[in-house]
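# Residue-level structure breakdown
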Amino acid sequence: MSKPNASYETVMVITTKDGEEATTSIIEKFKGLIESNGTIESVDDWGKRRLAYEIQDQLEGHYVLVNFTCPPEFPAELDRVYKITDGILRSLIVAK
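Residues numbered from 1 in each chain as written. Predicted model: local features only at pLDDT ≥ 70, side-chain atom pairs only at ≥ 80, totals over all residues. Heavy atoms only, no water.

### Describing unusual backbone geometry
Put simply, the rule is: The helix and strand labels rest on DSSP assignments: H or I over at least four residues marks a helix, E over at least two residues marks a strand, and numbering proceeds from the N terminus. Buried residues are those whose accessible area, probed at 1.4 Å on protein chains only, stays under 20% of the maximum for their type, while exposed residues exceed 50% and partly exposed ones sit between those limits.
Although it is not a glycine, Gln56 adopts a positive phi angle of roughly 50°. For Gln56, the position within the fold is in the loop between strand S2 (39-55) and strand S3 (58-70). Judged by relative accessible area, which is 55%, Gln56 ranks as exposed. Phi is positive for Asp57, close to 60°, though the residue is something other than glycine.

### Remarks on helix H2 (residues 74-84)
Quick reminder of the rule: Arc definition: directions from the helix axis to the C-beta atoms. In what follows, residue pairs with any heavy atoms lying within 4.5 Å of each other are defined as contacts.
Looking at H2, one finds that the buried residues are Phe74, Pro75, Leu78, Val81 and Tyr82. Along the axis of H2, the buried residues cluster in a sector spanning 120°; they form a single face. Exposed and oriented more than 90 degrees from the buried face of H2 are Ala76, Lys83 and Ile84. Tucked inside the fold, the buried residues of H2 contact strand S1 (6-15), helix H1 (20-37), S3 and strand S4 (88-95).

### A word on the pattern of salt bridges
What counts is decided by this rule: Any carboxyl oxygen of Asp or Glu within 4 Å of a side-chain nitrogen of Lys or Arg constitutes a salt bridge here.
One pass over the full model with this rule turns up three salt bridges. With a closest N to O distance of 3.0 Å, Arg80 and Glu77 form a salt bridge. Pair noted here: Arg80 and Glu77 are both in helix H2, with a separation of three residues, about one helical turn. For Glu77, a relative accessible area of 34% puts it in the partly exposed group.

### What to know about the sheet that holds S1
The condition that has to hold: Strand pairing follows a simple DSSP-based rule, namely that at least 2 bridges must link the two strands. Axis angles are defined between N-to-C directions and span 0 to 180 degrees, where every axis is a line fitted to C-alpha atoms and, for a helix, only to the segment in contact.
Strand order in the open sheet formed by four strands is S2-S3-S1-S4, and the pairing between neighbours is antiparallel. Both outer strands of the open sheet, S2 and S4, are each paired with one neighbouring strand and no more. For this sheet, the mean inter-axis angle between neighbouring strands, taken without regard to orientation, is 20°. Pairing analysis gives seven bridges linking S1 to S4, with the strands arranged antiparallel. Considered in S4, the bridge of Met12 is made with Ser91. Packing against the sheet, H2 makes contact with S1, S3 and S4, and its axis sits at approximately 170° to S4.

So this is what it looks like as structure tokens:
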């Protein structure tokens, strides 16, 4: 018997140095990945913000918050994909 889906939220900080198109494609990639493994409840695009401190020689990042439900095994896979994706400066996944 599989475990019931749990609620999560994730925040991605995406590099802005590659332009608007690259940012949009990264957002769409992760929305697709989450949708194929669970259900997206909301996507909140916070846009370009100044970083609290410099990350990889950058002072700005594009922030996106996604609320979703999925099986409890998926967040570990999502985190793995975040880590190997160029353009993701920081990410955080939290169980609600």
